[in-house]
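Remarks on the overall topology
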Amino acid sequence: MQKVRQHYQRVVVKLGTSVLTGNSDRLNRNVMQQLAQQMAQLRNQGIDVILCTSGAIAAGREHLNFPILSETMADKQLLAAVGQSQLIQGWQSLFQEHHLQVGQLLLTGADLRNRKRYLNAKDTLSALLEHGIIPIINENDAVATAEIKVGDNDNLSARVALLAQADCLLLLTDQAGLFDADPRLNSNAQLIQEVPYINEEIVGLAGGSSSHLGTGGMLTKLQAATIAQRAGIDVVIAAGAEPNVIVGLANHERIGTRFPAQSSPLERRKQWLLAGPKVSGALVIDAGAEQALTQTGRSLLAKGIVERQGLFQRGDMVQLLNETGSVIGRGLCRYDHDEVEKIKGLHSANITQVLGYDYGKVVVHRNDMVLEA
Ligand SMILES: Nc1ncnc2c1ncn2[C@@H]1O[C@H](COP(=O)(O)OP(=O)(O)O)[C@@H](O)[C@H]1O
Ligand SMILES: N[C@@H](CCC(=O)OP(=O)(O)O)C(=O)O
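All values derive from a computational prediction rather than experimental measurement. (Residues numbered from 1 in each chain as written. Chains lettered and ligands numbered in written order. Predicted model: local features only at pLDDT ≥ 70, side-chain atom pairs only at ≥ 80, totals over all residues.)

Here we come to the site of ligand 1. Neighbouring ligand 1 are 25 residues, the closest being Gly-16, Thr-173, Gly-207, Ser-209 and Gly-214. The leading source of residues in the shell around ligand 1 is helix α1 (residues 17-21), at three residues. In terms of residue class, the shell around ligand 1 is built from eight nonpolar, 14 polar and three charged. (Near = placed C-beta within 6 Å. Helix = DSSP H or I, 4+ residues; strand = E, 2+ residues; numbered from the N terminus. Nonpolar A, V, L, I, M, F, W, Y, C, P; charged D, E, K, R; others polar.)

Given below as structure tokens:
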């Protein structure tokens, strides 16, 4: 019997400037409307959608009536600052037609490299998704200098897919997918339907962007696909103009070029948790918490913690011990040692009262935890 494939649970949709402008010098509202309609349809199917949108610089140029500017960073930042507000307003009104709220996250490479900022971005993203709000992400071009930039939204969207623990990344562009040569330069170029593994030969097929608006061309899309595919996320490069492309792809239709995930995201994450971060401290938990973790796969709440050992920062790896001292597992702690000391044994509802703030009710989330076999 053929196995029925379930649809994705969390999809990152990256829309390049080429899609949003249809390679003209202005944003195309009709195109954006159709894309918003499809993303709303996904939400109604119960799929979490995160939109990673380019187009701020193009929108800024259009809004200021195509000013003659230099190619300096400051002038590009000026365009991004003006254009980003146009872009987000555009998306906001389009999603409102489907009774959906949006939340804007402007990120830089520095936000993704610094662990504290990374965790904060992750929490914001989770909170938006939990409330059914569509996160809309772009690079914070108005403040990002060369040193702190990701630099292109293909790579940014792959990092966001990892941050959000998405299971699918759609890179939508002006071409039907990855071809064996740049189709703008070679009319005989053939579409490649599936790439199980990105090797040098595949990278050699990718050219840069031949439009003046896009950043990076196919090369940055392959960099993004490499990051996400290896992290256990399915990636597809396809044409944003293809009718119903987002809904089709999210439901496993064969469109564009597919880069199938190399293992499940959770599996990869658990491997990384086991092999990666060093242990900085320990939490001793009571019998009820031990049962919740080991029997019903729950997260660890403050209430189940009886003792804190060692010094650790928010996001550090801690060992989980039971009251007889046996190791139950390990996980990333969402509060630092000082905070855990104050909230251990408390009901989650009282965390804010004691600390004056909170990072959520969970101290170690089950997705950030590996248990002893
Ligand atoms: N092997 C290839 N297959 C498809 N497109 C390619 C290839 N090599 C280079 N390209 C170019 O990449 C462009 C898409 O990238 P880009 O202009 O950065 O768009 P976006 O704004 O969607 O990110 C295409 O228009 C195409 O000219
Ligand atoms: N952050 C920039 C887009 C950068 C970028 O990667 O562009 P693109 O290659 O069109 O996805 C902007 O909003 O204009």
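Now that the structure is up, let's keep going.
Right, let's get into the pairing of strand β5 (residues 168-173). For β5, the buried fraction is high: six of the six residues fall into the buried class. Where burial is concerned, the two faces of β5 agree: the one with Cys-168, Leu-170 and Leu-172 and the one with Leu-169, Leu-171 and Thr-173 are both buried. As paired elements, strand β1 (residues 10-15) and β5 share five bridges and run parallel to each other. Of the residues in β5, the one forming a bridge with Leu-15 is Leu-172. Relative to strand β6 (residues 234-239), β5 runs parallel, the two being bridged by six bridges. In the sheet register, Cys-168 faces β6, and the bridge partner there is Asp-234. (Buried ≥ 20, exposed ≤ 12 C-beta atoms within 10 Å, placed from the backbone. Pairing = 2+ DSSP bridges.)

Whether parallel or antiparallel, the strands of a sheet pair through hydrogen bonds between backbone atoms. As summarised here, the arrangement of the five strands in space is β10-β8-β11-β12-β14, forming an open sheet in which the pairing is mixed. With one partner strand each, in any of the chains shown, β10 (305-309) and β14 (369-371) form the two edges of the open sheet. Mean inter-strand twist for the sheet, computed between neighbouring axes without regard to direction, equals 25°. Bridge count for strand β8 (residues 279-285) against strand β11 (residues 317-321) is five bridges, and the pairing is parallel. (Axes fitted to C-alpha atoms, helices over the stretch in contact; angles between N-to-C directions.)

Turning our attention to the site of ligand 2. In the region of ligand 2, 15 residues are neighbours, and Thr-17, Ser-54, Ala-56, Ile-57 and Asn-153 sit closest. Among the elements of the structure, α1, α3 (56-63) and β4 (134-139) are those that each provide at least two residues to the shell around ligand 2. Residues belonging to the shell around ligand 2 are distributed by class as follows: two nonpolar, 10 polar and three charged.

Moving on, we get to the UniProt feature "domain: PUA" (unreviewed entry) in the protein chain. In the numbering used here, UniProt assigns the "domain: PUA" (unreviewed entry) feature to residues 281-364. Along residues 281-364 the backbone is 26% helical and 31% strand, and the end-to-end C-alpha distance reaches 13 Å. (UniProt positions renumbered as here; feature names shortened; annotations may be inferred.)

Further remarks concern unusual backbone geometry. In this structure, Asn-65 is a non-glycine residue whose phi angle is positive, near 60°. One can find Asn-65 in the loop between α3 and α4 (73-96). A positive phi angle, close to 70°, is found at His-252, a residue other than glycine. Among the structural elements, His-252 can be located in the loop between α10 (245-250) and β7 (257-259).

All right, on to helix α7 (residues 153-163) then. Counting buried positions along α7 yields 11 of 11 residues, so the element is predominantly enclosed. Of the positions making up α7, those classed as buried are Asn-153, Asp-154, Asn-155, Leu-156, Ser-157, Ala-158, Arg-159, Val-160, Ala-161, Leu-162 and Leu-163.

Running from N to C, helix α2 (residues 29-44) and α4 cross one another at 50°; their axes reach a closest spacing of 9 Å. In terms of their interaxial angle, α2 and α4 are classed as oblique. Two packed elements cross with a definite hand, and for α2 against α4 that hand is right-handed. Between α2 and α4, the residues in contact are Arg-29, Met-32, Gln-33, Ala-36 and Ala-40 and Gly-90, Trp-91, Leu-94 and Phe-95, respectively. In the contact of α2 with α4, the residues fall into six nonpolar, two polar and one charged. (Parallel < 35°, antiparallel > 145°, perpendicular 65-115°, else oblique. Left-handed = near helix turned anticlockwise from the far one by under 90°. Contact = placed C-beta atoms within 7 Å.)

Formed by 72 residues in total, the largest nonpolar core has its most connected members in Val-11, Val-12, Val-13, Ala-161, Leu-169, Leu-170 and Ala-228. Examining the composition of this core, we find that seven residues originate from one element, α4, more than from any other. Counting residues in each nonpolar core, the second largest holds 22 residues, with Ala-302, Ile-305, Phe-312 and Tyr-335 among its members. (Core = buried A, V, L, I, M, F, W, Y, C linked by C-beta atoms within 7 Å.)

Let us look at the sheet that holds β4. One open sheet holds the seven strands; their spatial order is β3-β4-β2-β1-β5-β6-β7, and the pairing between them is mixed. Two strands close off the open sheet at either side, each with one partner strand: β3 (102-107) and β7. In this sheet, neighbouring strand axes are inclined to one another by 20° on average, regardless of whether the strands run parallel or antiparallel. Packed onto the sheet, α2 meets β1, β2 (48-53) and β4 and runs at close to 155° relative to β2.

You can read the domains of the protein chain as domain 1 (10-263) and domain 2 (277-371). Spacing between the C-alpha centres of domain 1 and domain 2 amounts to 36 Å. If you look at the interface, domain 1 gives five residues, while domain 2 gives five residues. In terms of residue class, the side of domain 1 that touches domain 2 is made up of one nonpolar, one polar and three charged. (Domains from an automatic or database assignment.)

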